[in-house]
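# Coordinates in review
Residues per chain are reported as follows:
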Amino acid sequence: MNSVERVAIFVDVQNIYYTVKSYYQCHFDYTVFWAMVSKNRQVVKAIAYAIDKGNTKQIEFQRILKGIGFDVKLKPYIARSDGTAKGDWDVGITIDILDHAREVDTVVLASGDGDFSLLLDKIHQQYEVITEVYSVKALTANSLIKSAQKYVAIEESLLKK
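A brief look at the structure comes next. Being a predicted model, the structure only gives us computed values, none of them experimental.

### Notes on the pattern of salt bridges
In the structure shown here, the tally under the stated rule is 6 salt bridges. Among the salt bridges present, the one from E5 reaches R41, with a minimum N-O distance of 3.3 Å. With E5 in strand β1 (residues 5-12) and R41 in strand β3 (residues 41-52), the pair connects residues that are 36 residues apart, well separated along the chain. Through salt bridges with shared partners, one network takes in E5, R41 and E132.

### Side note on the sheet that holds β3
Read across the open sheet, the 6 strands follow the order β4-β3-β1-β7-β8-β9; overall the sheet is parallel. Strand pairing shows two members of the sheet lacking a second neighbour, β4 (71-76) and β9 (150-153), which therefore form its edges. Neighbouring strand axes in the sheet, compared pairwise and without regard to direction, differ in orientation by 15° on average. Most of the contacts of helix α2 (residues 30-38) go to β1, to which it runs at about 150°, and overall it touches β1, β3, β7 (106-110) and β8 (130-135).

### Section: the nonpolar core
Formed by 27 residues in total, the largest nonpolar core has its most connected members in I9, V11, Y30, F33 and F70. If you list the elements that add at least two residues to this core, you get β1, α1 (13-24), α2, β3, α3 (56-68) and β7. Among the elements that make up this core, the one with the highest residue count is α2 (4 residues). Not counting chain neighbours up to four residues away, the residues in contact with V11 comprise I16, Y30, F33, I47, A48, Y49, F70 and A110. I51, L120, V129 and V133 belong to the second-largest nonpolar core, a separate cluster that totals 20 residues.

### Brief notes about the environment of K75
Secondary-structure assignment places K75 in strand β4. The class for K75 is partly exposed, based on a relative accessible area of 28%. With 40 residues separating them along the chain, K75 and D115 place their C-alpha atoms 19 Å apart. Not counting residues up to four positions away in its chain, the partners in contact with K75 are A50, I51, D52, D88 and W89.

### Comments concerning the environment of S157
Inspection of the secondary structure assignment puts S157 in the loop between β9 and β10 (159-160). Exposure remark for S157: the relative accessible area of 52% places this residue in the exposed category.

The rules behind these values
- Residues numbered from 1 in each chain as written.
- Predicted model: local features only at pLDDT ≥ 70, side-chain atom pairs only at ≥ 80, totals over all residues.
- Heavy atoms only, no water.
- Salt bridge = Lys/Arg side-chain N within 4 Å of Asp/Glu carboxyl O.
- Helix = DSSP H or I, 4+ residues; strand = E, 2+ residues; numbered from the N terminus.
- Pairing = 2+ DSSP bridges.
- Axes fitted to C-alpha atoms, helices over the stretch in contact; angles between N-to-C directions.
- Contact = heavy atoms within 4.5 Å.
- Core = buried A, V, L, I, M, F, W, Y, C linked by side-chain atoms within 4.5 Å.
- Buried < 20%, exposed > 50% of the residue type's maximum accessible area, 1.4 Å probe, protein only.

Right, dumping it as structure tokens:
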């Protein structure tokens with residue numbers, strides 16, 4: 001009996017936004033991405049992690065992500081007195097991936113952050129889950145690319161001009 005592959009999708013929205021904007025000067029196409037990663041698969045969980053600045057454009061973007069099928073998790077935008085900002089989801093993403101990895105056949109991560117390399121190695125070894133990474137190759141840690149069983153570079157077909 002052939003069962004449908006179960007997949008969980010996790011998107012580091014800030015990482016994808018800034019790397020795509022920096023490298024391609026445009027936006028990531030979440031609708032095309034969803035179609036790619038969900039084709040012939042059952043989506044068990046899909047979470048997009050974003051920073052909440054509360055502006056109208058962001059609220060509309062979050063509504064679009066929800067319409068596609070993502071749960072959207074928000075963290076408040078924190079501006080520090082020295083001018084830098086904080087809004088890192090790495091620990092939250094890690095916890096959620098660990099929580100859901102045992103329920104699926106494949107974990108898809110959209111991020112170029114090398115901090116996730118150890119996590120992908122662990123879930124592959126511990127749960128025998130396949131890991132896929134989507135990111136801008138030139139701005140992605142080599143360790144993350146090597147940790148994934150499948151790596152997909154964000155290129156023309158995943159861009160929205």
